[in-house]
Amino acid sequence: MGRLLDEVRDRALTRPWLVLPPLLGLLGQNVLALMSPGRPGSVAASVLLGALMTVAVTTIFAELWIGDGWSVDPRRLRDTAVVFLIPYPLLFAFGLLTTPLAYGLLHADVPQGVATAGLYLILAAGKLTAFALGAASAIAAARRSESSGPLGALLLGARVLAANAVFFLLLLAGFWAFQEACVILTRALAPGLLDRFFTTVIPLFACVAFPIEAWRSGRLKA
């Protein structure tokens with residue numbers, strides 16, 4: 001893992017434009033926060049816009065990482081966006097399936113500690129699912145030349161994810177724990193934009209940079 005960290009760091013240092021996607025993500029979060037929750041349909045609109053914003057930010061970051069780091073090709077950008085967008089309904093489905101469970105825990109006649117632990121497990125499962133789908137999409141974007149279309153590329157990415165399940169579980173869980181620690185620390189010391197920056201930039205490296213470099217370096221089984 002140490003060598004992989006060095007490789008990611010070295011590649012990131014040659015791509016100064018990588019700072020742009022997280023900044024765009026922060027701007028998008030501020031715009032979404034200004035949307036009035038009292039208007040009909042505003043919650044659904046916020047969720048949809050948030051999903052599109054996440055896909056856009058991740059796509060730009062992935063293209064800068066895969067390419068020369070200074071420019072993006074419009075056609076490749078479109079193809080990468082499709083690869084990241086296709087799995088998104090799975091996250092909505094996960095939310096629909098777990099919402100009744102979370103609601104039941106909140107209103108169940110169980111000890112507070114049990115309810116809290118259950119809700120935290122649901123949250124962890126949702127985060128790791130989102131991270132895993134992002135990692136599969138990132139590998140798919142890096143391997144799209146090996147397939148005839150986005151679905152084929154996603155299948156390749158999913159196979160790599162499944163064949164290296166333990167590696168990705170440790171990697172993504174570790175990054176999520178690191179993200180939570182950074183957020184807690186920054187909220188305690190300097191609340192504001194910094195904690196939201198961490199929640200944007202850390203998933204980009206966890207779900208895009210590290211999976212792609214791990215694949216390129218031959219560390220992952222096909």
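The rules we used
- The residue numbers shown here count from 1 along each chain, following its written sequence.
- Per-residue local features are limited, in this predicted model, to residues with pLDDT of at least 70; the limit for side-chain atom pairs, both in listing and counting, is 80 or more; totals at the level of whole chains, interfaces and linings are taken over all residues.
- The side-chain numbers reported here are obtained from all heavy atoms of the structure, hydrogens and water having been left aside.
- Salt bridges are defined by distance alone: a side-chain nitrogen of Lys or Arg within 4 Å of a carboxyl oxygen of Asp or Glu.
- Exposure categories follow from relative accessible area, calculated using a 1.4 Å probe and restricted to protein chains: below 20% of the type maximum is buried, above 50% is exposed, and the middle band is partly exposed.
- The predictor attaches a confidence to each residue, and that confidence, scored 0 to 100, is pLDDT.
- Counting from the N terminus, the helices are DSSP H or I runs at least four residues long and the strands are E runs at least two residues long.
- Both cavities and pockets are sets of points on a 1 Å grid over the protein atoms alone; in a cavity a 1.4 Å probe fits but cannot get out, in a pocket the set is open with protein on both sides within 12 Å along at least five of seven lines, and lining residues sit with an atom within 4 Å of a point.
- Grid points are joined across faces, edges and corners, and a volume is the space filled by probe spheres set on the points.
- Residue polarity is assigned by list, with Asp, Glu, Lys and Arg as charged and Ala, Val, Leu, Ile, Met, Phe, Trp, Tyr, Cys and Pro as nonpolar; anything else, Gly included, falls into the polar class.
- Here the expected length of a helix is defined as 1.5 Å per residue gap, with one fewer gap than residues.
- Taken from the helix axis, the directions to the C-beta atoms give the arc we talk about.
- Geometry of aromatic contacts follows a simple scheme: Phe, Tyr and Trp rings, the Trp one being its six-membered ring, pair when their centres are within 6.5 Å, and the pair is stacked under 30 degrees between planes, edge-to-face over 60, tilted otherwise.

Trainee: Any chance you could explain the pattern of salt bridges here in plain terms?
Mentor: Where charged atoms of side chains with opposite charge meet at close range, the side chains can pair. Enumeration over the complete set of coordinates arrives at 10 salt bridges. Here R9 and D10 are joined by a salt bridge, their closest N and O atoms 3.0 Å apart. Judged by its relative accessible area of 45%, R9 falls in the partly exposed class. Take D10: its relative accessible area is 40%, and that puts it in the partly exposed class. E63 is the partner of R144 in a salt bridge, and the nearest nitrogen-oxygen pair spans 2.6 Å.

Trainee: Just to check I follow, could you spell out the confidence of the model for the chain for this structure?
Mentor: Fine structural detail should not be taken from predicted coordinates in areas where pLDDT scores are low. Residue-level pLDDT values for the chain average 87, and 95% of them are 70 or greater. Across the chain, the secondary-structure element scoring lowest on mean pLDDT is helix α2 (residues 20-33), at 82, and the one scoring highest is helix α7 (residues 150-163), at 94.

Trainee: What am I meant to see in the layout of surface pockets here?
Mentor: Regions of empty space are outlined by a rolling probe, equal in size to a water molecule, passed over the atoms. The computed volume of the largest pocket comes to approximately 1,200 Å³. The set of elements that each furnish at least two residues to the lining of the largest pocket consists of α2, α3 (42-66), α5 (88-107), α6 (112-142), α8 (165-189) and α9 (193-216). Here the residues of the lining of the largest pocket are counted per class, giving 21 nonpolar, 14 polar and 2 charged. Each pocket or cavity is described by its volume, and for the second largest pocket that value is around 180 Å³. If you tally residues by element for the lining of the second largest pocket, the top one is α9, at 4 residues. A class-by-class count of the residues in the lining of the second largest pocket yields 8 nonpolar, no polar and 1 charged.

Trainee: How should I be thinking about α7 in this particular structure?
Mentor: An α-helical turn contains 3.6 residues, so any two residues separated by three or four positions project in the same direction. For α7, which comprises 14 residues, the first-to-last C-alpha distance of 20 Å matches the rise-based estimate of 20 Å (1.5 Å per residue) to within 8%. All of the buried residues in α7 are A153, L154, L156, G157, V160 and L161. With its buried residues spanning 155° around the axis, α7 presents them on a single face. Of the exposed residues in α7, the ones pointing more than 90 degrees away from its buried face are L151, R159 and A162.

Trainee: What's the story with the packing of aromatic side chains in this structure? I'm lost.
Mentor: For the structure shown, the criterion picks out 8 aromatic pairs. Residues Y88 and F92 carry aromatic rings whose centres are separated by 5.9 Å and whose planes lie at 50° to one another, so their mutual orientation is tilted. Taken as a pair, Y88 and F92 lie in helix α5 at a separation of 4 residues, close to a single helical turn. Classification of F92 by relative accessible area gives partly exposed; the value is 38%. Ring centres of F167 and F168 lie 5.3 Å apart, and the angle between their planes is 85°; on these two criteria the pair is classed as edge-to-face. Of the residues examined, F167 reaches a relative accessible area of 24% and is grouped as partly exposed. The exposure class assigned to F168 is buried, which follows from its relative accessible area of 3%. Joined through ring pairs, the aromatic side chains of F61, W65 and F205 make up one cluster.

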